[in-house]
Amino acid sequence: LIYLLNSNITVGKNGVPVAENFRLEQSTIADTVQAGQVRVKTLYLSVDPYMRCRMNEDTGSDYLRPWQLSEVADGGGIGVVEESQHHNLAKGDFVTSFTWPWQTAAILDGDSLQKLEPQLVNGHLSYFLGAAGITGLTALLGIREKGHVAAGANQTMVVSGAAGACGSLAGQIGRLEGCSRVVGIAGTDEKCSILVQEMGFDAAINYKKGDVAKQLRELCPGGVDVYFDNVGGDISDTVISQMNQNSHIILCGQISQYNKDVPYPPPLPPDTEKIQKERNITRERFLVLNYMDKQEASVLQLCQWIQEGKLKVRETVVEGLASMGAAFQSMMNGGNIGKQIVSISK
């Protein structure tokens, strides 16, 4: 089974992606595994906000290749090797790739795969797509490289999109790195409750209820020192208005803007930009791929926190390759808590 971008339905830069943008087909793969290749069975696939950019011919990024109509979509994936002609991979090895095809089985170039060690995540293989993968790296390195968090500095961090894959980790990591107060912003009471009761946030705001600016002032009486921005738009304008002098924005994502024809990162409204400049607030694009020299040590740190129970992991899991489009649509609409995962094979 393979999952493709539908040739009959396009989204466009200002459109909203829906499950019908994709289609499922049955296909065959080669009988023979060539030298350097492996045959794999897919176990888990990931859907992520950045994939919305891949639905346009111009992705807005020099590192993202657009998905092609009627070709198999791809993204983060994990599988198990069933046959190997690669010197460093054997049958039974668990492997991952950032460009895993949305297929139940595939023949892949062994050099494109990274071998996984399940014991690092207490056997939760799917964590390598989230907390111990690129998502966790984005949260950790974003905070370390752009957040300027210092233990003992009495800093307050605010996280938007706080119940999502990256935000739910960022708040916890902010605390582990030294923030004295962490406040999340999410879209349901359930998400806010999970952030506080399970993930150690000091407080959480349901942005769909009440006056967000007023609640922020009450919950962050000393202002905001670090803002982990996953959403952009009105929420971010509100947070920035309450940020302190010489504070820092970690520009992780702008999911509220992904269905609009705007550059990335989107420009701030004039009033917000004025505040940013007057208060010397840093707001630089953050791309985790620029820090891959720190990947190995950072993944080991994330795994250690997971093993010690210091980093709580949430996943929203749906079953079957046929669920990929619906999972992507739901994730883009905030339907997930933590990392959105599609389980393909048991």
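Residues numbered from 1 in each chain as written. Predicted model: local features only at pLDDT ≥ 70, side-chain atom pairs only at ≥ 80, totals over all residues. Heavy atoms only, no water.

### With respect to the side chain of Ser345
Stage number 1. Its location among the elements puts Ser345 in the segment after strand 15 (339-343).
Stage number 2. Within the structure, the side chain of Ser345 is placed 2.8 Å from the backbone oxygen of Thr42, a separation counted as a polar contact.
Stage number 3. Setting aside its immediate chain neighbours within four residues, Ser345 contacts Lys41, Thr42 and Leu43. (Helix = DSSP H or I, 4+ residues; strand = E, 2+ residues; numbered from the N terminus. Polar contact = N/O pair within 3.5 Å; in protein donor to acceptor, adjacent residues only side chain to side chain. Contact = heavy atoms within 4.5 Å.)

### Some details on helix 4 (residues 212-219)
Stage number 1. Listing the buried residues of helix 4 in full gives Val212, Ala213 and Leu216. Looking down the long axis of helix 4, one finds its buried residues gathered within 100 degrees of arc, a one-sided arrangement.
Stage number 2. In this structure, the buried side of helix 4 is in contact with strand 8 (156-160), strand 10 (203-206) and helix 5 (233-240).
Stage number 3. For helix 4, the capping residue at the N-terminal end is Asp211, with a side-chain oxygen 3.1 Å from the backbone nitrogen of Ala213. (Buried < 20%, exposed > 50% of the residue type's maximum accessible area, 1.4 Å probe, protein only. Arc of directions from axis to C-beta.)

### Points about the domain arrangement of the protein chain
Stage number 1. Each assigned domain of the protein chain is listed with its residue range as follows: domain 1 (2-130 + 314-343) and domain 2 (134-289).
Stage number 2. Relative placement of domain 1 and domain 2: their C-alpha centres are 28 Å apart. (Domains from an automatic or database assignment.)

### What about the side chain of Gln155?
Stage number 1. Residue position: Gln155 is located in the loop between helix 1 (134-147) and strand 8.
Stage number 2. Within polar-contact distance, the side chain of Gln155 engages the backbone nitrogen of Ala150 at 2.8 Å.

### A word on the packing of helix 1 against helix 7 (residues 295-307)
Stage number 1. Interaxial distance between helix 1 and helix 7 falls to 10 Å at its minimum, and their mutual angle equals 105 degrees. With respect to helix 7, the axis of helix 1 lies roughly perpendicular. Residues Gly136, Leu137, Leu140, Leu141 and Arg144 of helix 1 pack against Gln295, Ser298, Val299, Gln301, Leu302 and Trp305 of helix 7.
Stage number 2. Looking at the contact of helix 1 with helix 7 residue by residue, the class counts come to six nonpolar, four polar and one charged. (Axes fitted to C-alpha atoms, helices over the stretch in contact; angles between N-to-C directions. Parallel < 35°, antiparallel > 145°, perpendicular 65-115°, else oblique. Nonpolar A, V, L, I, M, F, W, Y, C, P; charged D, E, K, R; others polar.)

### Thoughts on the pattern of salt bridges
Opposite charge on two side chains permits them to pair, given that their charged atoms come into close proximity.
Stage number 1. Enumeration according to the criterion identifies 14 salt bridges in this entry.
Stage number 2. Linking Lys339 and Asp48 is a salt bridge whose minimum nitrogen-to-oxygen distance equals 2.3 Å. In this pair, Lys339 sits in strand 15 while Asp48 sits in the loop between strand 3 (37-46) and strand 4 (74-84), placing the two residues 291 residues apart along the sequence.
Stage number 3. Accessibility expressed as a relative area gives 4% for Lys339, which makes it buried.
Stage number 4. Residue classification places Asp48 among the buried residues on the basis of a relative accessible area of 10%. (Salt bridge = Lys/Arg side-chain N within 4 Å of Asp/Glu carboxyl O.)

### What to know about the pairing of strand 6 (residues 105-109)
Stage number 1. Burial along strand 6 is one-sided: Ala106 and Leu108 are buried, while Ala105, Ile107 and Asp109, pointing the other way, are not.
Stage number 2. When strand 3 meets strand 6, the two strands line up antiparallel, connected through five bridges. For Lys41, the partnering residue across the bridge sits in strand 6 and is Ala105. (Pairing = 2+ DSSP bridges.)

### Some details on the sheet that holds strand 10
Stage number 1. One open sheet accounts for six strands, arranged 10-9-8-11-12-13; its pairing is parallel. Of all the strands in the sheet, just strand 10 and strand 13 (282-285) have a single pairing partner and so form its edges. Within this sheet the neighbouring strands show an average axis-to-axis angle of 20 degrees, counted without direction.
Stage number 2. Inspection of the sheet shows strand 12 (residues 243-251) paired to strand 13 by four bridges, in the parallel sense. Bridge assignment links His248 to a residue of strand 13, and that residue is Thr282.
Stage number 3. Sitting on the sheet, helix 5 is in contact with strand 8, strand 9 (181-186), strand 11 (224-229) and strand 12, with an inclination near 165 degrees to strand 11.

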